[in-house]
Amino acid sequence: GAETNSTVVRVNESKWVTIMFGAQTTYCNGNYSSKMYNWIIEGNVVCSNEVIPVSGNITIRSGGNLTLYNVTIQFRATADGSNFINKTAGGRLQILSSGSGGNRSGSVITSSNTDYRYDFWVYGMGGNDNFTIKNSRVEYAGYDGGSKGLQLNNISDVELTGNNFSINYYGIYLVNSRYVNLTNNTILNNSYGIYLNLSSYNNVRNNSIAENSFGVY
């Protein structure tokens, strides 16, 4: 069906609600729709070759698995921090491309309004933490007071390779994380390119880091 239209109205001078009109549009094999606000992942969800506008948040709960192949997640941001992705410590998130060679198309995580930024949280248990992002792009993530960009917390043994992290607050922010493979990424136009906070034994190699206020800190 056609894309659902929506409007926001104020109730009792203190609450904002979104009212949806029209037929719903479904995404990701019916796992998400335009009539939903937040997207909670509790099972195995695989999405391919589509653009998914998300009005609320995406949470991958313990036991949940979200895999994206050439998918654009477009947050309909209305303020800094109005939306987030949260991979909980027991969840699994894979952001990948489809195709091969010169015909490879990567996934994109972005904001529909470039004036506003979303949070991107990745939590782990300190070992084999079920997060991968390859040949994809993260942009307009993070802000002062929220996640710093793509923020990895207590993460170990994960792979970030061949990506573009640009126009974020921080490109990649590691907290208490180790054995993270950060290779062959392009990191441009962020306040910090890569920030390592209480993090060690990470493989940072062959990245193109330019036009950031600070490169690797």
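Coordinates for the structure precede this section.
Source: prediction; values computed, not measured. (Residues numbered from 1 in each chain as written. Predicted model: local features only at pLDDT ≥ 70, side-chain atom pairs only at ≥ 80, totals over all residues. Heavy atoms only, no water.)

Caption draft 1: Representation of the sheet that holds strand β24 (residues 214–216) within the structure. Taken together, eight strands build an open sheet; the order of strands is β5-β7-β9-β12-β15-β18-β21-β24 and the sheet is parallel. Only two strands of the sheet have a single partner each, and these edge strands are β5 (39–41) and β24. Mean inter-strand twist for the sheet, computed between neighbouring axes without regard to direction, equals 15°. Of the strand pairs in this sheet, strand β18 (residues 170–175) and strand β21 (residues 192–197) are connected by five bridges, and their pairing is parallel. Pairing of Tyr173 across the sheet is with Tyr195, part of β21. (Pairing = 2+ DSSP bridges. Helix = DSSP H or I, 4+ residues; strand = E, 2+ residues; numbered from the N terminus. Axes fitted to C-alpha atoms, helices over the stretch in contact; angles between N-to-C directions.)

Caption draft 2: Structural context of unusual backbone geometry. One non-glycine residue, Asn176, lies in the positive phi region at around 50°. The topology assignment puts Asn176 in the loop between β18 and β19 (178–183).

Caption draft 3: Spatial organisation of empty space enclosed by the protein. With the rule as written, the count across this model stands at one cavity of 30 Å³ or more. Estimated volume of the largest cavity: approximately 40 Å³. Counting residues per element, the lining of the largest cavity draws most heavily on strand β8 (residues 65–75), which supplies three residues. Residues that form the lining of the largest cavity fall into these classes: nine nonpolar, no polar and no charged. (1 Å grid on protein atoms, 1.4 Å probe; cavity = no way out; pocket = protein on both sides within 12 Å on 5 of 7 lines; lining within 4 Å. Points joined across faces, edges and corners; volume = space filled by probe spheres on them. Nonpolar A, V, L, I, M, F, W, Y, C, P; charged D, E, K, R; others polar.)

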